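Next come the chains, spelled out residue by residue.
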Amino acid sequence: MIPQCSPKASYQAHKSEIDGAISRVLESGWYVLGEECQQFEREYANFNQLPYAIGVASGTDAVEIALRGVGVGQGDNVITVSHTAVATAAAIRRIGADPLFVDISADFTMDPKSLQWLIAKLKEPIAAIVVVHLYGHPADMRTIMEIASSNKITVIEDCAQAHGATVEGLPVGSFGEAACYSFYPTKNLAALGDGGMIVCSDEGLYQQCLLLRQYGWRDRANSEIQGFNSRLDEIQAAILRVKLKYLRPANERRREIADYYFQNLADLPLRLPRIAKGAQHVFHQFVIRHSARDDLRSELMNQNIDTAIHYPKPVHRQSAYMNPGYAPMPLIQTDRICQEILSLPMYPQLTQAELELVCNAIHKAMN
Ligand SMILES: Cc1ncc(COP(=O)(O)O)c(C=O)c1O
């Protein structure tokens, strides 16, 4: 079976360095918020060309803390998309805010026209926009930032799937007030457990997120605000420092794999992913569209090719989020694509021979 993704392969690719980093932490006797976390925060801030980074326990926590950090709270409206990991909406709800979903474009990210439409229609204030760079493809940040700034709305970027992606040479995450990353084991930059990071350029927001991360402590004697416990542990930070060194070549390999798919699937009646002008995609997923998606998926499974559907049900159709107020417009693209999307095998360790098998299997399934 060729798996759709392989966290184990990404560990094995750097096994001895990772094992060494883990032993170093075990021997140090310091396991939470120490030297490794601080170094990783510095290195990851540099990678993103931003001055500040705050390691937290997960990507969901990163979104929650960033929203809290910019002052979003109970009863506030936060615009986002429904075609995303449910975590984006879960983080918004966890602070008591209401997610308002807008539709997506053919590149699977927030449709600026829908955003503009909703802002014009809503009579109530909007506290923030959470933009998701889904599947590793940057959203249209130039247009979204223009809309947000002309309406004085704060933007938070959910970069959980887009480590290293750029727009006209600028890293995703450098457009909004803060950017949120996940290091869940399947991500492009992956821990061997949970982890997350907030990056930002404003020192005040940085200080606020530091307080929120740990009980509102600046020092242990006094909780200045009611914070969380959301810490990045030293073992994960040490592993991530190793993996970060290889992130650029790993993303490069993902783009090579994507090129192979583009070239070898071009003659089939499939819709292949779109890449916007000026965007550098990091192919967290390679998502194709096909009207008979389920048949194609089971045919591929019969040929030992694993695929995935990210995400079969949009958030506004899931029981916990079925509030009609959350979907103030018809989400036509969002609803349609859920029936058609299929994520092909995508991880840097896929071999040329495996790629050929995948493409041959797709040809066979479609002929
Ligand atoms: C777009 C998006 N946002 C947020 C998250 C949440 O990250 P985590 O699983 O680390 O909490 C994820 C990961 O699942 C994600 O894909």
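Residues numbered from 1 in each chain as written. Predicted model: local features only at pLDDT ≥ 70, side-chain atom pairs only at ≥ 80, totals over all residues. Heavy atoms only, no water.

1. Notes on the overall build of the protein chain
Here is step 1 of the chain: A tally of regular secondary structure across the protein chain gives 13 helices and 12 strands.
Here is step 2 of the chain: For 367 residues, the compact-globule formula gives about 21 Å, and the C-alpha radius of gyration of the protein chain, at 20 Å, lands near that figure.
Here is step 3 of the chain: Taken over 367 residues, the protein chain has a buried fraction of 56%.
Here is step 4 of the chain: Once local pairs closer than 6 in sequence are excluded, the contacts in the protein chain between residues at least 24 apart make up 71%.
Here is step 5 of the chain: Of the charged side chains in the protein chain, 34 are positive and 40 negative; the average position of the first set lies 2 Å away from that of the second. (Helix = DSSP H or I, 4+ residues; strand = E, 2+ residues; numbered from the N terminus. Rg over C-alpha atoms; globule rule 2.2 N^0.38 Å. Buried < 20%, exposed > 50% of the residue type's maximum accessible area, 1.4 Å probe, protein only. Contact = heavy atoms within 4.5 Å. Lys, Arg positive; Asp, Glu negative; His and termini not counted. Charge placed at Lys NZ, Arg CZ, Asp CG, Glu CD.)

2. Considerations on the side chain of Arg255
Here is step 1 of the chain: On the secondary structure map, Arg255 appears in helix α10 (residues 247-265).
Here is step 2 of the chain: Among the polar contacts made by the side chain of Arg255, one reaches the side chain of Glu252 at a distance of 3.0 Å.
Here is step 3 of the chain: Apart from residues lying up to four places away in sequence, Arg255 is in contact with Gln280, His281, Val282 and Phe283. (Polar contact = N/O pair within 3.5 Å; in protein donor to acceptor, adjacent residues only side chain to side chain.)

3. Quick word on the domain arrangement of the protein chain
Here is step 1 of the chain: Under the domain assignment, the protein chain is made up of domain 1 (7-245) and domain 2 (247-366).
Here is step 2 of the chain: In this structure, domain 1 and domain 2 have C-alpha centres spaced 24 Å apart.
Here is step 3 of the chain: Facing 46 residues of domain 1, the contacting portion of domain 2 comprises 39 residues.
Here is step 4 of the chain: For the pairing of domain 1 and domain 2, the buried interface totals around 3600 Å² over both sides, and the portion due to carbon and sulfur atoms is 61%. (Domains from an automatic or database assignment. Buried area = accessible area lost by both parts, 1.4 Å probe.)

4. Points about helix α3 (residues 35-47)
Here is step 1 of the chain: An ideal rise of 1.5 Å per residue puts 18 Å on 13 residues; α3 measures up with 18 Å between its terminal C-alpha atoms.
Here is step 2 of the chain: Residues of α3 that are buried: Glu36, Cys37, Phe40, Glu41, Tyr44, Ala45 and Phe47. Looking straight down α3, one finds that the buried residues subtend no more than 160° of arc, so they occupy a single side.
Here is step 3 of the chain: Among the residues trailing α3, Gln49 stands out with phi positive, at a value near 55°. (Expected span 1.5 Å × (residues − 1). Arc of directions from axis to C-beta.)

5. Focus: the environment of Gln39
Here is step 1 of the chain: Of note, Gln39 is situated in helix α3.
Here is step 2 of the chain: Spatially, the C-alpha atoms of Gln39 and Gln226 are 27 Å apart, while their sequence positions differ by 187 residues.

6. With respect to empty space enclosed by the protein
Here is step 1 of the chain: Considering all chains together, one arrives at 1 cavity of 30 Å³ or more under this definition.
Here is step 2 of the chain: Here the largest cavity is characterised by a volume of approximately 40 Å³.
Here is step 3 of the chain: In terms of lining residues, the largest cavity is bounded by Asp107, Phe108, Tyr135, His137, Pro273, Arg274, His281, Gln285 and Val287. (1 Å grid on protein atoms, 1.4 Å probe; cavity = no way out; pocket = protein on both sides within 12 Å on 5 of 7 lines; lining within 4 Å. Points joined across faces, edges and corners; volume = space filled by probe spheres on them.)

7. Some thoughts on the packing of helix α4 (residues 59-69) against helix α5 (residues 86-94)
Packed helices, taken two at a time, are described by the angle their axes make and the gap between the axes.
Here is step 1 of the chain: Between α4 and α5, the shortest axis-to-axis distance is 8 Å and the interhelical angle comes to 40°. By the angle between their directions, the pair α4 and α5 is classed as oblique. Every pair of crossing elements has a handedness; the one defined by α4 and α5 is right-handed. Of the residues in α5, those touching α4 at Thr60, Asp61, Val63, Glu64 and Leu67 are Ala87, Thr88, Ala91, Ile92 and Arg94. (Axes fitted to C-alpha atoms, helices over the stretch in contact; angles between N-to-C directions. Parallel < 35°, antiparallel > 145°, perpendicular 65-115°, else oblique. Left-handed = near helix turned anticlockwise from the far one by under 90°.)

8. Things to note about the site of the ligand
Here is step 1 of the chain: Near the ligand, the surroundings consist of 14 residues, among which Gly59, Thr60, Asp158, Gln161 and Ser182 are the closest.
Here is step 2 of the chain: At 2.5 Å from an oxygen atom of the ligand is found a side-chain nitrogen or oxygen belonging to Thr60.
Here is step 3 of the chain: Residue Asp158 places a side-chain N or O atom 2.7 Å away from a nitrogen atom belonging to the ligand.
Here is step 4 of the chain: In isolation the ligand has 380 Å² of accessible area, and contact with the protein removes 89% of it. (Near = heavy atom within 4 Å. Areas by Shrake-Rupley, 256 points an atom, 1.4 Å probe, with all protein chains shown as cover.)

9. Some words on the pattern of salt bridges
Here is step 1 of the chain: Under the counting rule described, the total for this entry stands at 16 salt bridges.
Here is step 2 of the chain: Note that Glu43 and Arg241 form a salt bridge whose closest N and O atoms lie 2.9 Å from each other. Note that Glu43 is positioned in helix α3 and Arg241 in helix α9 (residues 234-245), a separation of 198 residues in sequence.
Here is step 3 of the chain: Exposure remark for Glu43: the relative accessible area of 26% places this residue in the partly exposed category.
Here is step 4 of the chain: Arg255 serves as the salt-bridge partner of Glu252, at 3.0 Å between the closest nitrogen and oxygen. Of this pair, Glu252 and Arg255 are both found in helix α10, 3 residues apart, which corresponds to roughly one turn of the helix.
Here is step 5 of the chain: Bridged by salt links that share partners, the residues Arg24, Glu36, Glu43 and Arg241 form one connected network. (Salt bridge = Lys/Arg side-chain N within 4 Å of Asp/Glu carboxyl O.)

10. Examining the pairing of strand β11 (residues 286-289)
Here is step 1 of the chain: Here β11 shows a buried face lined by Phe286 and Ile288 and a second buried face lined by Val287 and Arg289.
Here is step 2 of the chain: As paired elements, β11 and strand β12 (residues 341-344) share 4 bridges and run antiparallel to each other. Following the sheet pairing, Val287 is matched in β12 by Ser343. (Pairing = 2+ DSSP bridges.)

11. Concerning the nonpolar core
Here is step 1 of the chain: In terms of nonpolar packing, the biggest core is built from 89 residues, with Phe40, Tyr44, Ile79 and Tyr261 touching the most fellow members.
Here is step 2 of the chain: Residue assignment places this core across two domains, with domain 1 (7-245) and domain 2 (247-366) each supplying three or more.
Here is step 3 of the chain: Not counting residues within four places of it along the chain, the set of residues in contact with Tyr261 comprises Ala266, Phe286, Leu344, Pro345, Leu350, Leu355, Val358 and Cys359.
Here is step 4 of the chain: Judged by nonpolar contacts, the second largest core, of 26 residues, contains Ala62, Ala97, Ile156 and Phe228. (Core = buried A, V, L, I, M, F, W, Y, C linked by side-chain atoms within 4.5 Å.)

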